[in-house]
Amino acid sequence: PDHPDTAGTYNNMAIVYESQGKYEQALEYYGKALAIRLKVLGPDHPDTADMYNNIAVVYNNQGKHALPLLPMAIKDPAVQVRQTAVNVLNAFDRNSKESFEVFTIGLKDRDVSVRMQAAYNAGNYGAKAWDPLTDAMKSAKEAGVRQAILQGMLGSNFRAKSGVAPLSECLKDDNPTVRQWTCLVLGNIGPDAADALPRLRELAKSDSNQGVQNQAR
């Protein structure tokens, strides 16, 4: 069963289902074909890349019909499928429960790139995104993930007092961009960020990066 010809058959079946508007079945068979190609050909083979493209096309082109399938995609074992789910969020109604569910699940994904892409979409959800972003920042350790979450906070006009504690930890990050953007977010929070003032004063006085010093003032 794990033969390229079998994958080709599954792919052809998926194309038929897609043409009939049976998108869930199409994704099922694209997924079967992808699993075989990953096992037999590897992730970097052109035929495997074609499968990812086919799956992405379903989500990108089917509009509202694909929306109910996004929660299934964000739980797919293949990281590329989960990446596709968060990458296409901008194409869907930001008020839909499915879109917001994918956003929140994506922030918890085990893959760094999925978490980052989910965070970039936070601006779509406004204040609804604040609690998931706060939770994501509590567990974020990588500078790139922290930057993505900070960008999401800026994009969603983050004002949650609950975010001050994890943001204060980001003021200690070795990456100057993380420290600088954290100062920006804390500034937007305003008086509710008073607990971060001692650390901000330290950065304003002695941080090694001039941009951080300026933003901390």
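Up top is the structure these notes are about.
This is a predicted model, so every value here is computed, not measured. Per chain, the residues get numbers from 1 upward, laid out in the order the sequence is written. Predicted model: local features are reported for residues with pLDDT of at least 70 only, side-chain atom pairs are reported and counted for 80 or more only, and whole-chain, interface and lining totals are derived from all residues. For the side-chain quantities, the full set of heavy atoms in the structure was used; hydrogens and water were omitted.

Things to note about the overall build of the protein
Put simply, the test is: Helix and strand assignments follow DSSP, with helices taken as H or I runs no shorter than four residues and strands as E runs no shorter than two, numbered in order from the N terminus. The classification of residues rests on relative accessible area computed with a 1.4 Å probe and restricted to protein chains. Under 20% of the type maximum is buried, over 50% is exposed, and intermediate values are partly exposed. Contacts are assigned to residue pairs with any non-hydrogen atoms lying within 4.5 Å of each other. Accessible areas in this description were obtained via Shrake-Rupley with a 1.4 Å probe; residue shielding takes into account the shown protein chains only. Positive charges come from Lys and Arg, negative ones from Asp and Glu, while His and the chain ends are left out of the count. All charge positions are set by atom: Lys at NZ, Arg at CZ, Asp at CG, Glu at CD.
Helix and strand counts for the protein stand at 13 helices and zero strands. Order of helices (α) and strands (β) in the protein, N terminus to C terminus: α-α-α-α-α-α-α-α-α-α-α-α-α. Overall, the C-alpha framework of the protein stretches about 65 × 35 × 20 Å when taken along its three principal axes. When each of the 217 residues of the protein is scored for burial, the buried share is 46%. Considering only intrachain contacts with a sequence separation of at least 6, the fraction spanning at least 24 residues in the protein is 61%. Split by element, the accessible area of the protein, about 10,700 Å² in all, is 48% carbon and sulfur. Counting 24 positive and 24 negative side-chain charges, the protein places the averaged centre of each group 7 Å from the other.

So, helix α11 (residues 176–189)
Inclusion rule: To estimate how far a helix should extend, the number of its residues minus one is multiplied by 1.5 Å. Here a polar contact means two N or O atoms within 3.5 Å. Within protein one must be a hydrogen donor candidate and the other an acceptor candidate, and residues neighboring in sequence count only if both atoms are side-chain atoms.
The terminal C-alpha atoms of α11 lie 20 Å apart, and with 14 residues this matches the ideal 20 Å at 1.5 Å per residue to within 8%. All buried positions along α11 are accounted for by Val-178, Arg-179, Thr-182, Cys-183, Val-185, Leu-186 and Ile-189. Check the buried side of α11 and you find it contacts α9 (143–155), α10 (164–170), α12 (197–206) and α13 (210–216). Capping of α11 at its N-terminal end is provided by Asn-175; its side-chain oxygen lies 2.8 Å from the backbone amide nitrogen of Thr-177. Where α11 ends, the next residue or the one after it, Gly-190, has phi of about 80°, a positive value.

Digging into the side chain of Arg-37
Using the following cut-off: For this document, the term salt bridge refers to a Lys or Arg side-chain nitrogen within 4 Å of an Asp or Glu carboxyl oxygen.
Within the fold, Arg-37 resides in helix α2 (residues 23–40). No salt bridge is formed by the buried Arg-37. Its closest oppositely charged neighbour is Asp-47, at 5.2 Å.

Concerning the state of the cysteines
Applied cut-off: The rule for a disulfide is simple: a pair of cysteine sulfur atoms within 2.5 Å.
Counted by the stated rule, this structure contains zero disulfides. No disulfide involves Cys-170; its nearest neighbouring cysteine sulfur is the one of Cys-183, lying 11 Å away.

Here's the deal with the pattern of salt bridges
Two side chains of opposite charge can pair, provided their charged atoms sit close to one another. Taken as a whole and assessed by the stated rule, the structure comprises nine salt bridges. The salt bridge partner of Glu-142 is Arg-115, with a shortest N-O separation of 3.3 Å. Taken together, the positions of Glu-142 in the loop between α8 (130–139) and α9 and Arg-115 in helix α7 (residues 112–120) put the pair 27 residues apart, joining distant regions of the chain. Assessed through its relative accessible area of 34%, Glu-142 is described here as partly exposed. For Arg-115, a relative accessible area of 15% puts it in the buried group. Between Lys-138 and Asp-135 there is a salt bridge, with its nearest N and O atoms 3.9 Å apart. Residue Lys-138 and its partner Asp-135 are both found in helix α8; the two are separated by three residues, about one turn of the helix.

Re helix α1 (residues 4–19)
Rules: Arc definition: it is the arc formed by the directions from the helix axis to the C-beta atoms.
Its 16 residues give α1 an end-to-end C-alpha distance of 23 Å, which sits within 8% of 22 Å, the value for a rise of 1.5 Å per residue. Ala-7, Gly-8, Asn-11, Ala-14 and Glu-18 are the residues of α1 that are buried. Within α1, the buried residues cover an arc of 120° as seen down the axis, which keeps them to one side.

A look at the nonpolar core
Keep this limit in mind: We call a set of buried residues a nonpolar core when its members are Ala, Val, Leu, Ile, Met, Phe, Trp, Tyr or Cys and they connect through side-chain atoms within 4.5 Å of each other.
Formed by 64 residues in total, the largest nonpolar core has its most connected members in Phe-103, Ile-149, Met-153, Leu-167 and Leu-186. By residue number, the principal contributor to this core is α2, which donates eight residues. If we skip the residues at most four places from it in the chain, Phe-103 touches Leu-89, Ala-118, Ala-119, Asn-121, Ala-122, Tyr-125, Ala-129, Pro-132 and Leu-133.

Comments concerning the environment of Gln-147
Its place among the elements puts Gln-147 in helix α9. The spatial distance from the C-alpha of Gln-147 to the C-alpha of Arg-179 is 9.3 Å, given a sequence separation of 32 residues. Filtering out sequence-adjacent residues up to four positions away, Gln-147 remains in contact with Asn-175, Thr-177, Val-178 and Trp-181.

Just distances and angles here, no functional claims.
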